[in-house]
Amino acid sequence: MELAQVRLLVTDFAACYRFYADVLGLKPQSGAVDGPYEKFSPVTGSAGIALQDRAMMAAVLGEAGDTASGHRSLVVLRVDDLDAYCARITGRGVVLLRGPAPMTDRMRVAHLKDPEGNLVELQEWLLLRG
């Protein structure tokens, strides 16, 4: 078994697309700015994040596409230099909820939310430093 992606069901597809592509700097697979689906990949690694229109998935399942409430997901991205990355994305308008700050003796983290309220954790692994 292989994890192919984490998929977020979103209501405002275009806003989330811009967030993951333009703010976080992930590479979109096809450029489908208006959806209903797009996969994003970091420069390194094989994991990906995908967005899917919430109403489309509700139609596929034959269920109502209610807006999610509360924290239902956490996307985790590893970066080499947390301070530099946070400076770049706050310059693009991101508001950090917490950090950069130590999470454990092995990593530093920062937390933010995408336009739909999904939590994003940025991690810098301290064990990878010389």
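Residues numbered from 1 in each chain as written. Predicted model: local features only at pLDDT ≥ 70, side-chain atom pairs only at ≥ 80, totals over all residues. Heavy atoms only, no water.

Here we look at the nonpolar core
Link 1 in the chain: With 26 residues, the main nonpolar core has Y20, L24, L51, V120 and L122 as its most contacted residues.
Link 2 in the chain: Elements that contribute at least two residues to this core include exactly β1 (6-10), α1 (13-23), β4 (49-53), β5 (74-78), α3 (82-90), β7 (107-113) and β8 (119-125).
Link 3 in the chain: Here this core gets seven residues from one element, more than from any other, and that element is α1.
Link 4 in the chain: Dropping the residues within four chain positions of it, V120 is found in contact with F19, Y20, L24, L74, V75, L77, A110, H111 and L112. (Core = buried A, V, L, I, M, F, W, Y, C linked by side-chain atoms within 4.5 Å. Buried < 20%, exposed > 50% of the residue type's maximum accessible area, 1.4 Å probe, protein only. Helix = DSSP H or I, 4+ residues; strand = E, 2+ residues; numbered from the N terminus. Contact = heavy atoms within 4.5 Å.)

Section: the sheet that holds β8
Link 1 in the chain: Taking strand neighbours across the sheet as the criterion, the four strands line up as β5-β8-β7-β6 in an open arrangement whose pairing is mixed. Lying at the two open borders of the sheet, with one neighbouring strand each, are β5 and β6 (98-102). Between one strand axis and the next, the sheet turns by 20° as a mean value, whatever way the strands run.
Link 2 in the chain: The pairing of β6 with β7 spans three bridges and is antiparallel. Residue R98 lies in a different strand from β7, and its bridge partner there is H111. (Pairing = 2+ DSSP bridges. Axes fitted to C-alpha atoms, helices over the stretch in contact; angles between N-to-C directions.)

Observations concerning the sheet that holds strand β2 (residues 27-28)
Link 1 in the chain: Strand order in the open sheet formed by four strands is β1-β4-β3-β2, with mixed pairing between adjacent strands. For this open sheet the edge positions go to β1 and β2, each flanked by a neighbour on one side alone.
Link 2 in the chain: The sheet strands contacting α1 are β1, β2, β3 (37-41) and β4, and the helix crosses β4 at an angle near 170°.

Description of the side chain of Q5
Link 1 in the chain: Mapping Q5 onto the fold places it in the segment before β1.
Link 2 in the chain: Of the residues examined, Q5 reaches a relative accessible area of 18% and is grouped as buried.
Link 3 in the chain: Here the side chain of Q5 touches R7 through a polar contact of 2.9 Å, side chain to side chain.
Link 4 in the chain: For Q5, the side chain forms a polar contact with the side chain of Y37, separated by 3.0 Å. (Polar contact = N/O pair within 3.5 Å; in protein donor to acceptor, adjacent residues only side chain to side chain.)

Regarding the pattern of salt bridges
Once their charged atoms are close, side chains differing in charge can pair, the charge on each being opposite to the other.
Link 1 in the chain: With the rule as written, the count across this model stands at three salt bridges.
Link 2 in the chain: Measuring nitrogen to oxygen at the nearest pair gives 3.1 Å for the salt bridge that ties R108 to D83. Taken together, the residues R108 in strand β7 and D83 in helix α3 connect sequence positions 25 residues apart.
Link 3 in the chain: Of the residues examined, D83 reaches a relative accessible area of 42% and is grouped as partly exposed.
Link 4 in the chain: Note that E124 and R108 form a salt bridge whose closest N and O atoms lie 2.9 Å from each other. Residue E124 is found in strand β8, and its partner R108 is found in strand β7; the two are separated by 16 residues along the sequence.
Link 5 in the chain: Residue E124 is classed as buried on the basis of its relative accessible area of 3%.
Link 6 in the chain: Among the ionic contacts, a cluster of salt bridges with common partners joins D83, R108 and E124. (Salt bridge = Lys/Arg side-chain N within 4 Å of Asp/Glu carboxyl O.)

No statement about biological role is implied by the geometric values presented.
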